[in-house]
Amino acid sequence: MNKALVNFEAILKAKNVPLAKKEIKNGQILYNGKFKLNDSQSLPFGIVFDNKEEGIIDFQIVYHKLAYVTNFDKKNQVLAVLNELNEMKTGYYRICLAGDGEIYMRLLSRTTEDVRAAYEMMIVGSTIAKSILPKIEETVGKK
């Protein structure tokens with residue numbers, strides 16, 4: 001396992017963040033977890049790292065199931081709100097609409113052996129998701 005992954009796991013252990021780890025295609029390493037949004041709702045997420053031996057490695061963080069579009073007559077309205085949020089509220093993250101109606105948020109980036117910034121982006125992403133969720137839910141008609 002490369003040094004970045006060793007360092008990432010050390011941060012998770014030190015911060016007592018329990019994430020499930022598994023190897024996926026192309027030798028990439030996936031860590032899955034959930035952030036608690038409130039007493040009844042949690043936000044599933046995953047962070048995937050390339051498992052190259054050394055140097056700069058790519059990673060992706062995805063916050064799944066922010067909401068679902070079930071009325072595709074509202075698709076244009078939903079996309080307009082997602083675009084507005086992407087421009088004003090999400091920083092280095094992007095909110096996306098999948099073909100099945102799932103709305104998710106993702107970040108693609110690179111890191112070195114010093115993965116503190118990747119860990120911090122993972123934590124900040126949950127805060128961003130929590131702050132934009134009411135607007136998304138209002139738009140898709142959940143609330």
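Refer to the preceding data block for the structure.
These remarks concern the structure in this document.

The rules we used
Residues numbered from 1 in each chain as written. Predicted model: local features only at pLDDT ≥ 70, side-chain atom pairs only at ≥ 80, totals over all residues. Heavy atoms only, no water. Helix = DSSP H or I, 4+ residues; strand = E, 2+ residues; numbered from the N terminus. Rg over C-alpha atoms; globule rule 2.2 N^0.38 Å. Contact = heavy atoms within 4.5 Å. Areas by Shrake-Rupley, 256 points an atom, 1.4 Å probe, with all protein chains shown as cover. Lys, Arg positive; Asp, Glu negative; His and termini not counted. Charge placed at Lys NZ, Arg CZ, Asp CG, Glu CD. Pairing = 2+ DSSP bridges. Axes fitted to C-alpha atoms, helices over the stretch in contact; angles between N-to-C directions. Buried < 20%, exposed > 50% of the residue type's maximum accessible area, 1.4 Å probe, protein only. Salt bridge = Lys/Arg side-chain N within 4 Å of Asp/Glu carboxyl O.

**Focus: the overall build of the protein**
Secondary structure summary: the protein contains three helices and six strands in total. Helices and strands appear in the protein in the N-to-C order α-β-β-β-β-α-β-β-α. Computed over C-alpha atoms, the radius of gyration of the protein comes to 16 Å, within 12% of the 15 Å expected from 2.2 N^0.38 for 143 residues, which places it in the range of a compact globule. Projecting the C-alpha coordinates of the protein onto the three principal axes gives extents of approximately 50 × 30 × 25 Å. Within the protein, counting contacts between residues at least 6 apart in sequence, those at least 24 apart form 57% of the total. For the protein, the exposed surface amounts to about 8,400 Å²; the carbon and sulfur share of it is 48%. Averaged over its 21 positive side-chain charges, the protein has a centre that lies 4 Å from the centre of its 17 negative ones.

**A word on the sheet that holds strand β3 (residues 42–49)**
As summarised here, the arrangement of the six strands in space is β1-β2-β3-β4-β6-β5, forming an open sheet in which the pairing is antiparallel. Edge strands, defined here as strands with exactly one partner in the open sheet, are β1 (20–23) and β5 (94–97). Averaged over all neighbouring strand pairs, the angle between strand axes comes to 25°, with direction disregarded. Note that β1 and strand β2 (residues 29–36) share four bridges and pair antiparallel. Looking across to β2, one finds that A20 is bridged to N32. Relative to β2, helix α1 (residues 3–15) is tilted by about 25°, and along the sheet it contacts β1, β2, β3 and β4 (57–68). Where helix α2 (residues 75–88) meets the sheet, its contacts fall on β5 and β6 (102–111), and the angle it forms with β5 comes to roughly 170°.

**Concerning unusual backbone geometry**
Residues other than glycine seldom take positive phi values, yet N16 does so here, at roughly 55°. Among the secondary structure elements, N16 is positioned in the loop between α1 and β1. The exposure class assigned to N16 is exposed, which follows from its relative accessible area of 67%. Of note in the backbone geometry, K65 takes a positive phi value of approximately 55° without being a glycine. Judged by its relative accessible area of 51%, K65 is exposed.

**A few points about the pattern of salt bridges**
Applying the stated criterion across every chain yields a total of four salt bridges. E9 is the salt-bridge partner of K21, the closest N and O atoms lying 2.8 Å from each other. Taken together, the residues K21 in strand β1 and E9 in helix α1 connect sequence positions twelve residues apart. R110 is paired through a salt bridge with D58; the nearest N and O atoms lie 2.5 Å apart. Taken as a pair, R110 in strand β6 and D58 in strand β4 lie far apart in primary sequence, 52 residues in all. Judged by relative accessible area, which is 58%, R110 ranks as exposed.

The quantities given are spatial measurements derived from coordinates; they are silent on function.
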